[in-house]
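Descriptive analysis of the structure
Listed here are the chains, written in short residue letters.
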Amino acid sequence: MLRNIDLNEISDGKLYGINDMVKADCGGCHGCSACCHDMGTSIILDPLDVFRITTGLQKSFEELLDGFLELNVVDGIILPNLRMSGNDKACAFLDQNQRCSIHAIRPGICRIFPLGRFYQNHSFQYILQVHECPKPNKTKVKVRKWIDTEDSRRYEKYISDWHYYLKGLQEYIQTAKNDSEQKTISMYLLKQFFLLPFQTSQDFYEQFYSRLEEAMAYTDQFL
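No experiment lies behind these values; they were computed from the predicted model shown. Residue numbers restart at each chain and count upward from 1, following the sequence in its written direction. Owing to the predicted nature of the model, reporting of local features is limited to residues with pLDDT of at least 70; listing and counting of side-chain atom pairs is limited to 80 or more, with chain, interface and lining totals taken over all residues. Side-chain calculation: all heavy atoms of the structure are included, whereas hydrogens and water are not.

1. Section: the overall build of the chain
What counts here: Note on conventions: DSSP H or I runs of at least 4 residues are helices, E runs of at least 2 residues are strands, and numbering of each starts at the N terminus. Atoms considered for the radius of gyration are the C-alpha atoms alone. The globule rule reads 2.2 Å times the number of residues to the power 0.38. Using a 1.4 Å probe on the protein chains alone, a residue whose accessible area is under 20% of its type maximum counts as buried, one over 50% counts as exposed, and one in between counts as partly exposed. It only takes one pair of heavy atoms within 4.5 Å for two residues to be counted as in contact. Where accessible areas are quoted, they stem from the Shrake-Rupley method and a 1.4 Å probe; at the residue level, only the protein chains shown are allowed to cover. Positive charges come from Lys and Arg, negative ones from Asp and Glu, while His and the chain ends are left out of the count. We put the charge of a Lys on NZ, of an Arg on CZ, of an Asp on CG and of a Glu on CD.
Helix and strand content of the chain: 8 helices and 8 strands. The C-alpha atoms of the chain give a radius of gyration of 18 Å, which matches the 17 Å a tight globule of 223 residues would have. Taking the principal axes of its C-alpha atoms as reference, the chain extends roughly 50 × 40 × 35 Å. Expressed as a percentage of the 223 residues in the chain, the buried residues total 43%. For the chain, long-range pairs separated by at least 24 residues make up 72% of all intrachain contacts whose partners lie at least 6 apart in sequence. Element-wise, carbon and sulfur atoms account for 48% of the exposed surface of the chain, whose accessible area totals about 12100 Å². Measuring between centres, the 25 positive side-chain charges of the chain sit 6 Å from its 29 negative side-chain charges.

2. Overview of the packing of aromatic side chains
Rules: The criterion for an aromatic pair is that two Phe, Tyr or Trp rings (for Trp, the six-membered ring) have centres within 6.5 Å, with stacked assigned to planes under 30 degrees apart, edge-to-face to planes over 60 apart and tilted to the rest. Geometrically, a lysine NZ or arginine CZ counts as sitting over a ring once it is within 6 Å of the ring centre and also within 35 degrees of the ring normal.
Under the defined criterion, the tally for this structure stands at 21 aromatic pairs. Taken together, the ring pairs in this structure connect Phe-51, Phe-61, Tyr-155, Tyr-158, Trp-162, Phe-193, Phe-194, Phe-198, Phe-204, Tyr-205, Phe-208 and Tyr-209 into an aromatic cluster. Taking the ring centre of Phe-124 as reference, the NZ or CZ of Arg-117 above it sits at 5.7 Å. Positioned over the ring face of Phe-198 is Arg-211, at 3.8 Å from the centre of the ring.

3. What about helix H2 (residues 47-57)?
Within H2, 8 of the 11 residues are buried, which leaves the element mostly enclosed by the surrounding structure. For H2, the full list of buried residues reads Pro-47, Leu-48, Asp-49, Val-50, Phe-51, Arg-52, Ile-53 and Thr-54. Taken from the residues just after H2, Gln-58 is the one with a positive phi, measuring 55°.

4. Some words on the side chain of Ser-186
How we decide: The term polar contact refers here to a pair of N or O atoms within 3.5 Å; inside protein, the definition further demands a hydrogen-donor-capable atom paired with an acceptor-capable atom, and it admits residues adjacent in sequence only when both atoms are side-chain atoms.
Its location among the elements puts Ser-186 in helix H7 (residues 179-195). Residue classification places Ser-186 among the buried residues on the basis of a relative accessible area of 1%. A distance of 3.1 Å separates the side chain of Ser-186 from the backbone nitrogen of Ile-78, its partner in a polar contact.

5. Some words on unusual backbone geometry
Cis geometry is adopted by the peptide bond preceding Pro-114, which originates at Phe-113 and carries an omega value of 10°. For Pro-114, the position within the fold is in the loop between helix H4 (108-112) and strand S6 (115-120). At Asp-38, a position not held by glycine, the phi torsion is positive, near 55°. With respect to the helices and strands, Asp-38 occurs in the loop between strand S1 (21-25) and H2. Judged by its relative accessible area of 54%, Asp-38 falls in the exposed class. Its identity as a non-glycine residue notwithstanding, Asp-151 has a phi of 50°, on the positive side. Checked against the element boundaries, Asp-151 lands in the loop between helix H5 (143-147) and helix H6 (152-176). You can call Asp-151 partly exposed: its relative accessible area is 46%.

6. Observations regarding the nonpolar core
We apply this condition: As used in this record, nonpolar core signifies buried Ala, Val, Leu, Ile, Met, Phe, Trp, Tyr and Cys residues forming a set joined through side-chain atoms within 4.5 Å.
In this structure, Leu-115, Tyr-126, Tyr-158, Trp-162, Leu-189 and Phe-193 are the most contacted members of the largest nonpolar core, which totals 56 residues. No other element matches H6, which puts 8 residues into this core.

7. Overview of H7
All of the buried residues along H7 are Ile-185, Ser-186, Tyr-188, Leu-189, Leu-190, Gln-192, Phe-193 and Phe-194. Check the buried side of H7 and you find it contacts H2, helix H3 (61-64), strand S2 (69-74), strand S3 (77-82), H6 and helix H8 (204-219). The residue sitting at the N-terminus of H7 and contributing the capping side-chain oxygen is Asn-178; that oxygen lies 3.0 Å from the backbone nitrogen of Ser-180.

Bear in mind that shape data such as this cannot, by itself, settle questions of function.
This is the structure in structure tokens:
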């Protein structure tokens, strides 16, 4: 999502790297699931998120759209997000005890929370959001451990590359305001990165970059 923000309004004003210590550990979030309620459409998923969830649950992307995920337009591009449901607007993946039923395969935004990402110079650093999580007495933890993702350097490169690829398309669409092109680009991306399953027997990142190269060649015609 394209936003202009003042870091001092939403964070402690610091930028963190993968090896920094940050006061983000919520101690298992015992008795609390506030961040799993009333989040609207803000938990936007990237291709790795969908790969993890579809693989872990052995369900197709289309099956997950029937109750767990939904599609929304984000700055001109159709992207999937976690669905909030019921009177309490809870994440559809919460179980009867209000705990995450997919914790081991949860999306990247959920993994880093209450951290966020601050993008600049075709990369990003982490920020500690100070108004989002009500859990008191958080303790320090290394960012690398907190995000709970193997091969973190490779993962961070992937996150940056996906973000900036989308950002370029979103900026173009908002400037061009061509509804036909917007629909064409969105449907292509939806198929290329979400509807077409990634092979579980092959390295995800290699498959992603192969698809990204194809996508860049396709979308270059619009830019």
